[in-house]
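Structural overview
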Amino acid sequence: AILGGTQSLHTNARDEAQGRGFTRLWERKSAIARKVACWRDLAALCPDGPTVFLDADTLVQRLLDAGLSLGSDLTVTVRPGRWPLNSGVVFVNLHAGTRAWFHSWLELTDWVQADEERHQQGCALWGAADQAAMAMALELHHDLNIRALRCAYWNCCDDPTEGVDAPAVLHY
């Protein structure tokens, strides 16, 4: 199977507490970790070159070519305020280095979620475990050319009327 094949095992204490014991790895992963695992696996399957990864709850309203033509290895969306990074739209120039970044992102997402205190802190600072892990993976892969685009236009998950006529991507 493509999905969930090589991730390291993490115990879901809540499942064990409910008496279900060990379940298959895929069932133990949270929805957010499954998303990162799917994106990692898709990155492995796609050919080298520009690719956009979008959350399922997004609506593309404009061409995304400009986000893909920045000459970066990886482009993420950022915003001022409480949660400065949003993982719902990621522009990638796929190659061995960016595929390694996806692997790191998944490992760090699992690591954040493996400890309740770490998970709570990551969610408080970044809004979600995968966003906390994304921030760490961006720091680790300083060898990549990483850029940031404004969420207000490229990954609009707040009020779409805030200084943008028509965002390229609405994120619900």
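The preceding data block contains the structure.
The structure displayed is predicted, hence computed values, not measured ones. (Residues numbered from 1 in each chain as written. Predicted model: local features only at pLDDT ≥ 70, side-chain atom pairs only at ≥ 80, totals over all residues. Heavy atoms only, no water.)

**Remarks on the pattern of salt bridges**
Test applied: By definition, a salt bridge exists where a carboxyl oxygen of Asp or Glu is found within 4 Å of a side-chain nitrogen of Lys or Arg. Numbering of helices and strands runs from the N terminus; a helix is a DSSP stretch of H or I covering at least four residues, while a strand is a stretch of E covering at least two. Note on exposure labels: buried denotes an accessible area under 20% of the residue type's maximum, exposed denotes more than 50%, and partly exposed covers the range between, all computed with a 1.4 Å probe on protein chains only.
Counting across every chain of the model gives four salt bridges. Linking Asp130 and Lys35 is a salt bridge whose minimum nitrogen-to-oxygen distance equals 3.3 Å. Here the residue Asp130 occupies a position in helix α7 (residues 129–140), and Lys35 occupies one in helix α3 (residues 31–45), the gap between them amounting to 95 residues. Asp130 gets classed as buried once you look at its relative accessible area, which sits at 0%. In this structure, the salt-bridge partner of Arg40 is Asp41, at a minimum N-O distance of 2.7 Å. Here the two residues Arg40 and Asp41 agree in accessibility, since each one is buried. Counted as one network, the salt bridges with shared partners bring together Lys35, Asp55 and Asp130.

**A short note on the side chain of Thr98**
Our working rule: Polar contacts, as counted here, are pairs of nitrogen or oxygen atoms within 3.5 Å of one another; within protein the pair requires one atom able to donate a hydrogen and one able to accept it, and residues that are adjacent in sequence qualify only if both atoms are side-chain atoms. What makes two residues a contact is simply this: any of their non-hydrogen atoms within 4.5 Å.
On the secondary structure map, Thr98 appears in helix α5 (residues 96–114). Thr98 sits in the buried class, given a relative accessible area of 0%. Here Asn93 takes part through its backbone oxygen, which lies 3.1 Å from a polar atom of the side chain of Thr98. Residues contacting Thr98, with those up to four places away along its chain left out, are Asp73, Val92, Asn93 and Leu144.

**Focus on the nonpolar core**
The line we're drawing: Put simply, buried Ala, Val, Leu, Ile, Met, Phe, Trp, Tyr and Cys residues joined by side-chain atoms within 4.5 Å make one nonpolar core.
Core analysis: the biggest nonpolar cluster contains 24 residues, and Trp101, Phe102, Trp105 and Met134 have the highest contact counts within it. At the level of elements, α3, β3 (74–78), β4 (85–94), α5 and α7 are the ones that each hand at least two residues to this core. Discounting residues that sit within four places of it in the chain, Phe102 has contacts with Trp39, Arg40, Ala43, Phe53, Val92 and Leu94. Core analysis: the second largest hydrophobic core is formed by seven residues, Phe91, Leu149, Ala168 and Val169 among them.

**So, the sheet that holds β3**
The criterion, for reference: We call two strands paired when DSSP finds no fewer than two bridges between them. The angle between two axes is taken between their N-to-C directions and runs from 0 to 180 degrees, where each axis is a line fitted to C-alpha atoms and a helix contributes only its stretch in contact.
Reading across the sheet, the four strands line up as β1-β4-β3-β5 and stay open at both edges, with mixed pairing between neighbours. Two strands lie at the open edges of the sheet, namely β1 (49–54) and β5 (146–150), each paired on one side alone. Averaged over all pairs of adjacent strands, the angle between strand axes in this sheet comes to 25°, irrespective of strand direction. Pairing of β3 with β4, which is carried by five bridges, proceeds in the antiparallel orientation. Along β4, the bridge assignment pairs Val76 with Val90. Sitting on the sheet, α3 is in contact with β1 and β4, with an inclination near 10° to β4.

**Let's talk about the packing of α3 against α5**
Just so we agree on the cut-off: Here roughly perpendicular refers to angles of 65 to 115 degrees, roughly parallel to angles under 35, roughly antiparallel to angles over 145, and oblique to all remaining angles. In this scheme, a crossing is called left-handed if the near helix is turned counterclockwise away from the far one by less than a right angle; it is called right-handed if the turn is clockwise.
Running from N to C, α3 and α5 point in directions that differ by 165°, and their axes come no closer than 9 Å. For the element pair α3 / α5, the angle class is roughly antiparallel. Between α3 and α5 the crossing geometry is left-handed. Contacts from Ile32, Ala33, Lys35, Val36, Ala37, Trp39, Arg40, Ala43 and Ala44 of α3 reach α5 at Arg99, Phe102, His103, Trp105, Leu106, Thr109, Asp110 and Gln113.

**Quick word on the packing of aromatic side chains**
Note the cut-off: Pairing of aromatic rings covers Phe, Tyr and the six-membered ring of Trp, with a centre-to-centre limit of 6.5 Å; geometry is then stacked below 30 degrees between planes, edge-to-face above 60, and tilted otherwise. Two conditions define a charge located above a ring, namely a distance within 6 Å from the ring centre to NZ of Lys or CZ of Arg, and an angle within 35 degrees of the ring normal.
Considering all chains together, one arrives at eight aromatic pairs under this definition. Consider the rings of Trp39 and Phe53, whose centres lie 5.5 Å apart with planes at 40°: the pair is tilted. With Trp39 in helix α3 and Phe53 in strand β1, this pair connects stretches of sequence that are 14 residues apart. Taken individually, Trp39 and Phe53 each receive the classification buried, so the pair is uniform in this respect. Here the aromatic rings of Phe53 and Phe102 are separated by 4.9 Å at their centres, their planes lie at 55°, and the arrangement is tilted. A residue pair is termed long-range when its members are at least 10 positions apart, and Phe53 in strand β1 and Phe102 in helix α5 qualify at 49 residues. Accessibility classification places Phe53 together with Phe102 in one group, the buried group. Within the aromatic cluster, the residues linked to one another by ring pairs are Trp39, Phe53, Trp101, Phe102 and Trp105. Cation over ring: Lys35 sits above Trp39, and NZ or CZ is 4.4 Å from the ring centre. Note that Arg118 overlies the ring of Trp111, its terminal NZ or CZ placed 3.8 Å from the centroid.

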